[in-house]
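What follows is the residue order along each chain.
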Amino acid sequence: MIIVIGGGSLREMTDVNDYIASKLEYIRKQFERKPKILFLPQASFESKPYVNSFTREFGTRLKCKTTCALWKNGEMDFEHIKQKFEVVDAIYIGGGRYDVLCEQFNKMGIKQLILDFYKRGGLIVGNSAGGMLMFDCSVSDYKIVAGISDSYEIVNGYGLIEGCFCPHSNEVARIKYISDNNLTCVTLAENEILQFE
């Protein structure tokens, strides 16, 4: 199962987070333990406040067992991260810059870990950039954010979900880009979610 979020601040989407946790409730009942969630914060440059927010929200408030895959500063190697994938019930790929996410995931070599996790029935949550990675392609603003272009562009993802995705569709400029280019996209505004089996 994949849950895609259109973006937004993790701390301000308690209803969304409650929904995600509810999808793991069977773990508590069937196995009598806390659900285990792995956070992948690479799109945010592994922001410490983002990691702390995730831990507070899913660990403290929602009573899950949380862990993170931190790569950028050499904190974890591939084998350590692979072991985390093997013991968790869900992975949460955070939002941020899509180019940074793809670059870091390529360096980490974890695309196959994500694909295998999905095939064995794990829950994948993708917020904004994390959700974009799940589709065939998506509307991205990373070049605008980086100051190297003034236009959106289409970027490729892992193709676990067919079609094109546009996060943050509450932003008028994104919808205009879709319309001007005659694109058919799954659109989600901030704090909106879709679930894919």
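Everything numeric in this text was worked out from a predicted model, so none of it was measured.

S.K.: Is there a simple way to explain unusual backbone geometry in this structure?
M.R.: In most cases, non-glycine residues show a negative phi, while peptide bonds are predominantly trans. Located in the positive-phi region is Glu46, a residue other than glycine, with phi close to 55 degrees. Here Glu46 falls in the buried class, since its relative accessible area comes to 10%. Located in the positive-phi region is Asn191, a residue other than glycine, with phi close to 70 degrees. When its relative accessible area of 38% is taken as the criterion, Asn191 is described as partly exposed.

S.K.: For this particular structure, what's the right way to read the sheet that holds strand β8 (residues 161–166)?
M.R.: Strands in a sheet are paired, the pairing made by backbone hydrogen bonds, and the direction either parallel or antiparallel. Strand order across the open sheet formed by 4 strands is β7-β6-β8-β9, with mixed pairing between neighbours. With one partner strand each, in any of the chains shown, β7 (153–156) and β9 (185–187) form the two edges of the open sheet. Strand-to-strand twist of the sheet, defined as the mean angle between neighbouring strand axes without regard to direction, takes the value 30 degrees. Sheet analysis places strand β6 (residues 135–140) next to β7, joined by 4 bridges and oriented antiparallel. Its bridge partner being in β7, Ser140 is matched across the sheet by Glu153.

S.K.: What is the right way to look at the packing of aromatic side chains in this model?
M.R.: Ring pairs (aromatic) are described by centroid distance and by the angle formed between their planes. Under the criterion given, the structure shown has 10 aromatic pairs. Connected via pairs of aromatic rings, a cluster forms that spans Phe39, Tyr50, Phe54, Phe58 and Tyr92.

S.K.: Explain the sheet that holds strand β4 (residues 90–93) to me, please; I cannot follow it from the model alone.
M.R.: One open sheet accounts for 6 strands, arranged β3-β2-β4-β5-β1-β10; its pairing is mixed. Across the chains shown, the open sheet's two edge strands, defined by having one partner strand only, are β3 (65–68) and β10 (193–196). Between one strand axis and the next, the sheet turns by 20 degrees as a mean value, whatever way the strands run. Inspection of the sheet shows strand β1 (residues 2–5) paired to strand β5 (residues 123–127) by 4 bridges, in the parallel sense. Bridging from a neighbouring strand, Ile2 pairs with Ile124 of β5.

Rules of the game
- Residues numbered from 1 in each chain as written.
- Predicted model: local features only at pLDDT ≥ 70, side-chain atom pairs only at ≥ 80, totals over all residues.
- Heavy atoms only, no water.
- Buried < 20%, exposed > 50% of the residue type's maximum accessible area, 1.4 Å probe, protein only.
- Pairing = 2+ DSSP bridges.
- Helix = DSSP H or I, 4+ residues; strand = E, 2+ residues; numbered from the N terminus.
- Axes fitted to C-alpha atoms, helices over the stretch in contact; angles between N-to-C directions.
- Phe/Tyr/Trp six-rings, centres within 6.5 Å; stacked < 30°, edge-to-face > 60°.

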